Every structure is written in structure tokens, then in C-alpha cells.
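Structure at a glance
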Amino acid sequence: MKPALLLLLPFLAQEPSATPSAPPAAAPSPAAAPAADVVRVAGRDVPWPKRTKSVQPVYPAAAQALGQRGIVIVQLLVGPDGKIVSADVVRSVPPFDDPALAAARQWEYEVTRVNGQPVPVQLTIPITFALRLPDVSREPGIPEMRQGVAPPFPAGAAPKQPARATAELTLDTDGQVKEAAITGGDPPFTEALLQAVRTWAFVPPSDPGGVSLNVEATFSGGREGQRVQLRLYGLRGLAGAPDASPPSPAPVAVASRPPAPAPRAPATPVAVQPAAPPTAAPAPSVPPVPSTQAAVRPAGDVSVSPAIEVVPGPPPVRPTDTAIMEAGVSAVRDVSLTAGVPDLTSGRRPLVPPLARMEGVTGQVEVRFVVEASGATTNLEVEGPDRLKEAARQTVSSWTFRRTSTERLFLVTTLDYGAETARGTVKRAGG
């Protein structure tokens, strides 16, 4: 028995453990906490933050003189503190890039939080540089103005009585001012009128040979401020018989329309349109205007991109601040756009089908369609004379619009087919 007891002694000497040893506690996974340095994309990962400080870009004086407008798209990196870390142009429209960046770098936004932690956010925002058309009264039949500026009030001029300047304009078939001849008035008011009409463009006239018309500018100033009133009258067709308007006085000065500025890359047209060109003296910088055009986004909506419009001078009255209501620019001949329709950058112009011309078929065709995020047209619904419907379908299906949003856009166009020519107007569906 002693050898057996000796063998058991080492085991009996060990003190029994009260409980088995517990494994060490696992350290919390670092992935459980949100990564505060990961950039979130507004409209995809997080809602659009609200802008708390906005600086309006300065409209370049040279662009005003040339009647230019355009849309610059900038990409911003907003830091966790809501201040701009970087700003870059992703769609360039000289000469608006630098003013857009200079203003955007001064903006500030509300802090965006994910799981309670402030995070950086990337924004892509279009900034529209557009100028209001001058207020013009026109006689019936005169084409509507679609581009141009009001005559600048001459520096230092303070007429005791309203001063007038008149001119005769010749429009080509595209609605561009081909020639301008001063028919009355005295300097410096005649020079101011001539400077303005060089930037004007109209809806293409129906006369196949172009038209001519008269313009009268009345300059008045006083305690209520300086203003210029414009009146268009005396429409005459160059290819047809003149109307009953009295002949205009013999011109005393003639100025040909200067050549258009060289095209910029990309080749697709850029929206251009101005107000208040500079005077002969160096034009002062346009003071910043409080941003009243920032889009208002519904709460919780992460897909709507806010848009900003730059309009020198007092901001125009808008029916709503949720969208820019100015019409885009059509690069397709004989197609005009109404308020709220983006730029039409390419596509076929409406033409009368040969069979319809031979059979004398005329009338209106209405095409309802959808513009996708790519700018292509889909889901066409065509109503009108059978002989014209297929031509209208092929025309609209070839169109491409400039888009800055991923939302689908619902539009409708009315195509008017005459005996020889066709024209179209595009508007928002339901508008």
C-alpha cells in the first residue's frame, strides 16, 4: 500500500480550483465603430446637407457684353466641420469656371453625421450663369426675343427729359440680328442701343427670307433711378410684301453683327444669355447677391441635387425656389424650348415628309416622351395625322438633352407641319 500512497501524494498536494478559468474577453471589433474619415456621397449615401453660408458668384463683365450664359458643374468636398475642403470643376464653361470656384470655396454646410459621428461629404452641384431678358414691348407678329441684354445707361448721362434712340434691325432666318442701323437719336444713347442689339437673338421668323423691324429705346433717369424702356415695331418681311407700317428714316450709321465667339470644347452648345453689358468705361464688379435660387429639398430626399442660379442685379421673381425655371437653349434648328426644359444639344430638325408635301397634308403632331438621365428620349406617345406621325416619332427619338440629375423628365412637344416647313415647341408635361 505504501507505493500506492506515494504515487497519489503529488496529486493530493495540488489545491483544487473553485471554477474553471474563463477565456480572456475579446476586444471590441474596430469595424463596429463608424469610419469618420470615409467620404460619403450626397444623394447616395447621405441626404443633401443644408447650405448655411452662400456666396453668389460674380458674373464676368466680358460674358455680359457677349451675351453668354452657361452651366458649370462643380464637385465639392465638405469636411466634417461643414467647411469646404476642396472644389473642382467637372464641367467647364469658360469664362465662368473661376467665378464659380471662387464662390463655392466660401460656402459652408450643416455638419453631416453618421451614427452620431461627423463625416466628410462629396457634393456635385450645377451653377447656372444666366441673365434676364430685357423688358420689351412688341407689336403683334414680331418674333419673341430669346437672347440679349438691355442697353446700358450711359455713364454720366442724366437727361432732364427722356432721351430716345431708334434703330432698324434685320433678322436672318435663324432669328439672329444680321444688321443694325441707327435711325435716330444722339450719342451716347445711340452707341448704348447699338451695343445691346449686337447681343440680341429672336425666335426664327416665319418669313423664309428673314424680316426687318424697328426698335426704340427710351432712356430716363431721376430720383426713382435710371431705366431704359424698349419697344419693337414695324415688322416687314424681306421676301414678301411690306406691312402697312410707315417707312423708317434713312439710316445714319450702320453696324454689322460681329462674328460669334469661337466655339468652346466640348462641341455641344453651352447655354448663353446676358443682361446689362459693360459701358465704355471699365465695368465695376457685380456685387454678390444673396442666394435666393438654392433649391429647397424635401426632408429625407437624398436624390435631388440642389441647383444655383447667378443673375446679376436683383434676383428675378420666381414662382418657386425649388427649381430653375429658365428655358434651356436649343441647338436644333426650328425647335424652341419653354421654361423648365433643359438644353437640347443634338438631334434632327423637324421636316415635312415628302409624301405629306406631295399630298398637301398639314397639321399638328403632339409627342409625349421621357428624357432619361443619359439625355436620351424614350417612351414616345404620338398623336396626330397618320401621314405625319412617323416623321414626328423619328425626329423626337433622335433628340438628346443635357441632364444634371438622375431623375426622369417628362416632356411634351408640339410639332407644327406646314406645307413646306415644320417647327416644334417643347415644354414640361402638365405645364
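Our subject is the structure that appears above.
Residues numbered from 1 in each chain as written. Predicted model: local features only at pLDDT ≥ 70, side-chain atom pairs only at ≥ 80, totals over all residues. Heavy atoms only, no water.

**Side note on the overall build of the chain**
This is how the line gets drawn: We count a stretch as a helix when DSSP gives it H or I for four or more residues in a row; a strand needs E for two or more, and each element gets its number in order from the N terminus. Burial here depends on accessible area, computed with a 1.4 Å probe over protein chains only, as a share of the maximum for the residue type. Under 20% is buried, over 50% is exposed, and the range in between is partly exposed. For this analysis, residues touch if any pair of their heavy atoms sits within 4.5 Å. Here the Shrake-Rupley method, with its probe set to 1.4 Å, supplies the accessible areas, and only the displayed protein chains count as covering residues.
Each helix and strand counted, the chain has six helices and 24 strands in total. Looking at the chain as a whole, 41% of its 431 residues qualify as buried. Long-range pairs, those at least 24 residues apart, make up 70% of the contacts in the chain between residues at least 6 apart in sequence. Accessible surface, the chain as shown: approximately 23,100 Å² in total, 57% of it carbon and sulfur.

**Some points on helix α6 (residues 386–397)**
To keep things clear, this is the line we draw: One fewer than the residue count of a helix, multiplied by 1.5 Å, yields its expected span. Working definition: the arc comes from the directions between the helix axis and the C-beta atoms, pointing outward to the latter.
Relative to the 16 Å expected for twelve residues at 1.5 Å per residue, α6 spans 17 Å between its end C-alpha atoms, a close match to the ideal helical length. Burial in α6 covers these residues: L388, A391, A392, T395 and V396. What you see down the axis of α6 is that its buried residues fit within an arc of 130 degrees, all on one side. Buried-residue contacts for α6 involve α5 (354–359), β20 (363–371), β21 (377–383) and β23 (409–417).

**Details of the environment of V111**
With respect to the helices and strands, V111 occurs in the loop between β5 (108–109) and β6 (112–114). Between the alpha carbons of V111 and P80 there is a distance of 6.2 Å; along the sequence they are 31 residues apart. Setting aside chain neighbours within four positions, we find V111 in contact with P80, D81, G82 and P118.

**Brief notes about the pairing of strand β8 (residues 121–129)**
Counted only if it meets this: By the convention used here, strands pair only if DSSP detects at least 2 bridges between them.
Among the nine residues that make up β8, seven are buried, leaving the element largely enclosed by the rest of the structure. In this sheet, β8 lies alongside strand β1 (residues 40–41) in parallel orientation, the contact comprising two bridges. Following the sheet pairing, R40 is matched in β8 by V121. The sheet contact formed by strand β3 (residues 70–78) and β8 spans nine bridges and is antiparallel.

**So, the pairing of strand β4 (residues 84–91)**
One ladder, built from six bridges, connects β3 with β4; its direction is antiparallel. Counterpart to V74 in the pairing with β4 is V89.

**Focus: the sheet that holds strand β24 (residues 422–428)**
Strands pair in a sheet through their backbones, by hydrogen bonds, and they do so in one of two ways: parallel or antiparallel. The following threshold applies: Interaxial angle, 0 to 180 degrees, is taken between N-to-C directions of lines fitted to C-alpha atoms, where a helix line uses only the stretch in contact.
Spatially, β18-β24-β23-β20-β21 is the arrangement adopted by the five strands of the open sheet, whose pairing is mixed. Each edge of the sheet is formed by a strand with only one pairing partner; in this case those strands are β18 (335–337) and β21. Neighbouring strand axes in the sheet, compared pairwise and without regard to direction, differ in orientation by 20 degrees on average. Bridge analysis of β18 against β24 gives three bridges, and the strand direction is parallel. Across the sheet, residue S336 finds its bridge partner in β24, namely T425. Seen against the sheet, α6 touches β20, β21 and β23 and runs at an angle of roughly 160 degrees to β21.

**Focus on unusual backbone geometry**
For the bond from P94 to P95, the omega torsion is 5 degrees, close enough to zero to count as cis. Positionally, P95 belongs in the loop between β4 and α3 (97–104). Between P187 and the following residue, P188, the backbone shows a cis peptide bond with an omega angle of 5 degrees. Residue placement: P188 occurs in the loop between β12 (177–184) and α4 (189–197). Within the chain, N115 stands out as a residue other than glycine whose phi angle is a positive 55 degrees. In this structure, N115 sits in the loop between β6 and β7 (117–119). Taking the relative accessible area as the measure of exposure, N115 reaches 66% and is therefore exposed. Unusually for a residue other than glycine, D334 sits at a positive phi of about 70 degrees. Within the secondary structure, D334 sits in the loop between β17 (308–310) and β18. Overall, D334 belongs to the buried group, its relative accessible area being 12%.

**Overview of the side chain of R236**
Here is the rule: N or O atoms closer than or at 3.5 Å make up a polar contact, with two conditions inside protein: a donor-capable atom paired with an acceptor-capable one, and, for residues adjacent in sequence, both atoms drawn from side chains.
Mapped onto the elements of the fold, R236 is located in strand β15 (residues 227–237). Engagement of the side chain of R236 in a polar contact is seen with the backbone oxygen of G234, the distance being 2.6 Å.

**A word on the pattern of salt bridges**
Rules: Throughout this description, the term salt bridge denotes a Lys or Arg side-chain nitrogen within 4 Å of a carboxyl oxygen of Asp or Glu.
Taken as a whole and assessed by the stated rule, the structure comprises 14 salt bridges. With its nearest N and O atoms 3.5 Å apart, the salt bridge here joins R368 to E366. Residue classification places R368 among the partly exposed residues on the basis of a relative accessible area of 36%. Close ionic contact of K389 with D386 constitutes a salt bridge, the shortest N to O distance being 4.0 Å. Pair noted here: K389 and D386 are both in helix α6, with a separation of three residues, about one helical turn. When salt bridges that share partners are traced, they join R164, E216 and R231 into one network.

**Here we look at the packing of aromatic side chains**
Test applied: Aromatic pairs are defined between Phe, Tyr and Trp rings, using the six-membered ring for Trp, whenever the two ring centres lie within 6.5 Å; interplanar angles under 30 degrees are classed as stacked, those over 60 as edge-to-face, and all others as tilted.
Applying the stated criterion to the full structure yields nine aromatic pairs. A ring pair is formed by W200 and F202, whose centres lie 6.3 Å apart and whose planes are at 80 degrees; its orientation type is edge-to-face. Neither residue differs from the other here; W200 and F202 are each classed as buried. When the centroid spacing of 6.3 Å and the interplanar angle of 75 degrees are considered together, the rings of F369 and W399 count as edge-to-face. Here W399 lies in the loop between α6 and β22 (400–401) and F369 lies in strand β20, a separation of 30 residues in the sequence. F369 sits in the buried class, given a relative accessible area of 2%. Taken together, the ring pairs in this structure connect Y59, F96 and F129 into an aromatic cluster.

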